[in-house]
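# Examination of the molecular architecture
As a plain string of letters, each chain reads:
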Amino acid sequence: MTEVETGAGTPAVRVQDLWKAFGPSVAVAGIDLTLPAGKFIGLVGPNGAGKTTTLSMVTGLLRPDRGTVEVVGRDVWRDPVEVKSRIGVLPEGLRLFERLSGRELLAYTGRLRGLPGDEVDKRAAQLLDVLDLAGAQHKLVVDYSTGMRKKIGLAAALLHNPEVLFLDEPFEGVDPVSAQTIRGVLERYTRSGATVVFSSHVMELVESLCDWVAVIAAGRIRAQGTLADVRGDAPSLQQAFLELVGANGRDMASDLDWLGGAR
Amino acid sequence: MTTTTATLVRLKLSLLRNGLRGSKGRRAAYVTTLIVVLLVAALQLLGLIALRGNAHAATLSVILTAVLALGWAVMPLFFPSGDETLDPTRLVMLPLRPQPLVRGLLVASLVGIGPLFTLCLAVGAVISLAHGAAACVTAVLAVALALLTCVALARAVAAANIRLLTSRKGRDLAVLSGLVIAIGAQVVNFGARTLGSSGFGALDPAGDVLSWIPPASAIGAVDAVSHGAYAAGTARLALCAAALAALLHTWQRTLTRLMTSPDGSTLQAAEPTRTKRTSRGPRLLPAGRTGTVMERSLRYVWRDPKTKAAWVTSLAIGLIVPVFNALQGTGSIYFACFAAGMLGIQMYNQFGQDTSAFWMVAMTISSPRDAYVELRGRALALLTITLPYATLVTVVTTAMLGDWRALPEVLGLSFALLGAMLATGAWSSARFPYSIPQEGYKNVAPGQAGLAWISIFGGMVAAALLCAPVIAFTIWLHVSDESSATWLLLPLGTTYGAALTLAGLRLAAPRTATRLPEILTAVSKG
Ligand SMILES: Nc1ncnc2c1ncn2[C@@H]1O[C@H](COP(=O)(O)OP(=O)(O)O)[C@@H](O)[C@H]1O
Ligand SMILES: [Mg+2]
């Protein structure tokens, strides 16, 4: 890939008018999104907001009903050869080949990606080391804990040194130690100029990690920009988010007056 | 109906409905299955009614009921059937007592195609047998008892099977269940042969015995009462009722234990850590994607319980059918082709075997060429097992029958068939993918059963048709007395099979490459 093709101005991801409905329910309702390259980007929204659906469509795992997706300047659906070799993905809710050991899984993924065998083995060994998985590398993935699965998935996504990394809820169900490890690897990776796009419903996490944020709710983008822009005058991203989706200050006291009352 | 029962029935109905919603193909497949089953059931009903008064009516009705009951017992072990029903392990969280739960699940199990078919058969059987008022009363009881016993039998076996599958030892044991089907097939085969050689009369002794075995004994009771043997009739009916009670009791006990003990995932995590291997030694497999895909496929044959079970079943049946037939002295050497056919089935639903982990494959396929190499790798992995095995089975069968002259011919036919199965398998993997749920004992997700059957049986019929030229040539050689030239079939059949496989892969590859998201969605259900 040359400088000319993906000049500094080319966004990592450009999404236009993206739609997806599952039967009668619309999961993604016309998303327009431009994510700059080289940033740590958070896609944040409550459960069911459409994060997974959006990321699946952006990475070519789910066919959109309408709309275009460009990753590093190439159309995901028309130019899969160029796109698939440049992205790494850690989806949510999909399995891995769990009857392989961690090490075998990496060896398999790397070779499917077309990397030379000894290079794959070298990178796999380093990734396993950095991610604290060296001790479990010969265990079958089916016996891994949630945190270990996320880490081995991350290793598989990083193996071919992608330009853009898509992670769906990478910290969900992960213990603090593993979370810190994942964080360290990701921060190092973005410092090299690569782009990380990750989804989360935990505002504090996004606030502490990202320098660019897109807020999604009910299948629409409510705000996008640098963290400071999106946060605006609000004291925290959480507050800003609640204001954006209009859920702030909802009075629950009267609805649940029986709760904790006389039994 | 109690609330629990009503809720479970409603839950089952909505599960069925949801399984069908969304995909037109799946709905079409389901409706097709439904229509075919209904047609067969109706024909059977009419046939049985027409049999009324026939001397062998009792024998036939009883045997049909027994065979159907056997089907109910075996089905949950292998194929879809279980799929359309509620998985009790999902209900663990609910505060349900075992007794109402069992009652509710039993009633919910009565909703579906299978029970409808059974009902038709039972009604037909009693209509063909009942003569007189007392017999009619017995008949009503008999139909209810037979139907409930069949359903309870399936549920009890399924529950016991879950327990088997959730323990590691049991998982390995369950693999052997393939043998059950193989031997069952032999019994049916043998029965059919006896029938062919000596007519219905030969079955009368078997019918006499079976009319004491529940649930066929319920039908036997109607016959007994019709002949005025009230004591025998009552005893047979009571026997069936006792069997039903025993089955329900076993089922309830298994369920209670299932719901109060750790589930499969927990048990697995507690398995002792395996160390060793990964030192891959000298690589025998080709480099690049081909070898990588082959290696993964072969590892899965050994390590993935579902894949392993499917393979063991295929290997066992593929060997047992020709060898048993040869042992009985009645076998034909052409039965050896059975091995190739059975093993070729493993090429079907390749991506479904990946489960939702297929996304890892999908991320690395960006052109028809990638898809072609992927499919070819899988076919090659299959061939490393099937080719030697089919050859071995053919040689063994030939040796047992002592017909060495026919060996090249049968080998050629086997290879042609194997090639056709691989070709149709690759194509239907791309065209009709369906999920294989990993939890529990099911092999198909709700609503996808019809799709699975159509994919496999349609594929097998297509494979047979594709082989027609080779088969026709074989017949021609024999008919026109050119038997000395039958060795020609070995090179011809092999080439033809290889060409079919290549063509099948070529056809399947672009379809796979353009349908990646659809395939992923289809194999991620359940
Ligand atoms: N395969 C599917 N079938 C039907 N509905 C779906 C499917 N996937 C997602 N949805 C629905 O789409 C909406 C968005 O889901 P998702 O993208 O998973 O949200 P998030 O990842 O933000 O939690 C939800 O309402 C969800 O129920
Ligand atoms: Mg999600």
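Residues numbered from 1 in each chain as written. Chains lettered and ligands numbered in written order. Predicted model: local features only at pLDDT ≥ 70, side-chain atom pairs only at ≥ 80, totals over all residues. Heavy atoms only, no water.

Taking an unreviewed UniProt entry as the reference, chain B is identified by name as Transporter belonging to Streptomyces antnestii.

Residue and element names in this part refer to chain A. Binding of the magnesium ion (ligand 2) to the protein goes through Thr52 (OG1) and Glu92 (OE), at separations of 2.0 to 2.7 Å. Linking threonine 52 in helix H1 (residues 51-58) with glutamate 92 in the loop between strand S6 (87-90) and helix H3 (102-112), this pair joins segments that are 40 residues apart in sequence. On the basis of relative accessibility, which here comes to 33%, the residue glutamate 92 falls in the partly exposed class. (Donors = N, O, S within 2.8 Å, 3.2 Å for Na, K, Ca; no water. Helix = DSSP H or I, 4+ residues; strand = E, 2+ residues; numbered from the N terminus. Buried < 20%, exposed > 50% of the residue type's maximum accessible area, 1.4 Å probe, protein only.)

On to the site of ligand 1, then. All names here are of chain A. Near ligand 1 you find Phe22, Ala27, Pro46, Asn47, Gly48, Ala49, Gly50, Lys51, Thr52 and Thr53, and these make up its full shell. Within the contact set of ligand 1, an oxygen atom lies 2.8 Å away from a backbone nitrogen or oxygen of lysine 51. Within the contact set of ligand 1, an oxygen atom lies 2.6 Å away from a side-chain nitrogen or oxygen of threonine 52. For ligand 1, whose unbound accessible area comes to 560 Å², protein coverage reaches 56%. In terms of residue count, the dominant contributor to the shell around ligand 1 is H1 (3 residues). (Near = heavy atom within 4 Å. Polar contact = N/O pair within 3.5 Å; in protein donor to acceptor, adjacent residues only side chain to side chain. Areas by Shrake-Rupley, 256 points an atom, 1.4 Å probe, with all protein chains shown as cover.)

The residue Ser297(B) is located in helix H13 (residues 288-303) in this model. With residues up to four places along the chain from it excluded, the contact list for Ser297(B) reads Arg378(B) and Ala381(B). (Contact = heavy atoms within 4.5 Å.)

The next thing to look at is the sheet that holds strand S2 (residues 25-35) of chain A. Residue and element names in this part refer to chain A. With respect to topology, 4 strands assemble into an open sheet ordered S2-S1-S4-S5, the strand pairing being antiparallel. Each edge of the open sheet carries a strand with a single partner, namely S2 and strand S5 (74-75). Pairing analysis gives 5 bridges linking strand S1 (residues 13-22) to strand S4 (residues 66-71), with the strands arranged antiparallel. Across the sheet, residue tryptophan 19 finds its bridge partner in S4, namely arginine 66. (Pairing = 2+ DSSP bridges.)

Residues and elements named next belong to chain A. Pairing within the open sheet is mixed, and its 6 strands lie in the order S6-S7-S8-S3-S9-S10. Of all strands in the sheet, those with a lone pairing partner are S6 and strand S10 (220-226), marking the two edges. Strand-to-strand twist of the sheet, defined as the mean angle between neighbouring strand axes without regard to direction, takes the value 15 degrees. As defined by bridge partners, strand S3 (residues 40-44) adjoins strand S9 (residues 212-217) across 4 bridges and the pair is classed as parallel. Bridged to glycine 42 within S9 is valine 213. (Axes fitted to C-alpha atoms, helices over the stretch in contact; angles between N-to-C directions.)

So, on to H13(B). Over its 16 residues, H13(B) extends 23 Å from the first C-alpha to the last, a length consistent with the 22 Å expected when each residue adds 1.5 Å. Along H13(B), 13 of the 16 residues are buried, which leaves the element largely enclosed by surrounding structure. (Expected span 1.5 Å × (residues − 1).)

On to the interface of chain A and chain B. Facing 36 residues of chain A, the contacting portion of chain B comprises 41 residues. Of the roughly 3,500 Å² buried at the junction of chain A and chain B (both faces included), carbon and sulfur atoms supply 60%. Interface area lost by chain A to chain B is led by Arg95(A), Phe97(A) and Arg99(A), which between them contribute 23%. Remark: the boundary between chain A and chain B carries 4 salt bridges. Among the salt bridges present, the one from Glu518(B) reaches Arg63(A), with a minimum N-O distance of 2.7 Å. In this assembly, chain A and chain B are joined by 11 residue pairs in polar contact (both at pLDDT 80 or more). (Buried area = accessible area lost by both parts, 1.4 Å probe. Salt bridge = Lys/Arg side-chain N within 4 Å of Asp/Glu carboxyl O.)

Of note, the bond from Pro214(B) into Pro215(B) is cis; its omega dihedral lies within 30 degrees of zero at -5 degrees. Residue placement: Pro215(B) occurs in the loop between helix H9 (204-210) and helix H10 (216-226). Its identity is not glycine, yet Glu169(A) carries a phi of approximately 50 degrees, on the positive side. Checked against the element boundaries, Glu169(A) lands in the loop between strand S7 (164-168) and helix H6 (176-191). Phi is positive for Asn349(B), close to 50 degrees, though the residue is something other than glycine. Relative to the helices and strands, Asn349(B) is located in the loop between helix H15 (337-344) and helix H16 (350-354). The buried category is assigned to Asn349(B), whose relative accessible area is 2%.

Another point: the packing of aromatic side chains. What the rule picks out here adds up to 7 aromatic pairs over all chains. Ring geometry for Phe97(A) against Tyr300(B): centres 5.8 Å apart, planes inclined by 85 degrees, an arrangement best described as edge-to-face. Of this pair, Phe97(A) sits in the loop between S6 and H3 while Tyr300(B) sits in helix H13, each in a different chain. Classification of Tyr300(B) by relative accessible area gives buried; the value is 7%. Each ring, one from Trp427(B) and one from Phe432(B), has its centre 6.3 Å from the other, and the planes form 80 degrees; the classification is edge-to-face. What links up through ring pairs into an aromatic cluster is the set Phe40(A), Phe171(A) and Phe198(A). One Lys or Arg, Arg236(B), reaches over the ring of Trp212(B) and ends 4.6 Å from the middle of that ring. Lying over the aromatic face of Tyr300(B), Arg296(B) brings its terminal NZ or CZ to 4.9 Å of the ring centre. (Phe/Tyr/Trp six-rings, centres within 6.5 Å; stacked < 30°, edge-to-face > 60°. Lys NZ or Arg CZ within 6 Å of the ring centre and 35° of its normal.)

A few words now on the pattern of salt bridges. Scanning the entire structure with this criterion turns up 23 salt bridges over all chains. With its nearest N and O atoms 3.6 Å apart, the salt bridge here joins Lys20(A) to Asp65(A). Placement of Lys20(A) in strand S1 and of Asp65(A) in the loop between H1 and S4 is noted, with a sequence separation of 45 residues between them. Among the residues examined, Lys20(A) registers a relative accessible area of 12% and is labelled buried. Since its relative accessible area comes to 48%, Asp65(A) is described here as partly exposed. Between Arg231(A) and Glu207(A) there is a salt bridge, with its nearest N and O atoms 2.6 Å apart. Linking Arg231(A) in helix H8 (residues 227-231) with Glu207(A) in helix H7 (residues 203-209), this pair joins segments that are 24 residues apart in sequence. Shared partners join several salt bridges into a network, and the residues in it are Arg289(B), Arg296(B), Asp354(B), Glu374(B) and Arg378(B).

Our next topic: the packing of H13(B) against helix H18 (residues 368-401) of chain B. All names here are of chain B. Their axes nearest at 8 Å, the elements H13 and H18 cross at an angle of 45 degrees. As judged from the angle between their axes, H13 and H18 are oblique. In this structure, H13 crosses over H18, and the sense of that crossing is right-handed. Taken together, the residues of H18 that come into contact with H13 (itself represented by Arg289, Thr290, Val293, Met294, Arg296, Ser297, Leu298 and Val301) are Asp370, Val373, Glu374, Arg376, Gly377, Arg378, Leu380, Ala381, Thr384 and Ile385. Here the residues of the contact of H13 with H18 sort into 8 nonpolar, 4 polar and 6 charged. (Parallel < 35°, antiparallel > 145°, perpendicular 65-115°, else oblique. Left-handed = near helix turned anticlockwise from the far one by under 90°. Nonpolar A, V, L, I, M, F, W, Y, C, P; charged D, E, K, R; others polar.)

Attention shifts here to the packing of H3(A) against helix H5 (residues 146-158) of chain A. All names here are of chain A. Put simply, H3 and H5 touch, their axes get as near as 9 Å, and they point 25 degrees apart. Between H3 and H5, the interaxial angle falls into the category roughly parallel. Crossing angle aside, the handedness with which H3 passes H5 is right-handed. On the side of H3, the interface is formed by Gly102, Leu105, Leu106 and Thr109, while H5 contributes Ile152, Ala155 and Ala156. Its residues placed into classes, the contact of H3 with H5 shows 5 nonpolar, 2 polar and no charged.

All names here are of chain B. Within the secondary structure, glutamine 346 is located in the loop between H15 and H16. Classification of glutamine 346 by relative accessible area gives buried; the value is 7%. Sequence-distant contacts of glutamine 346, that is, excluding residues within four places in its chain, are made with Ala310, Trp311, Ser314, Gln353 and Leu382.

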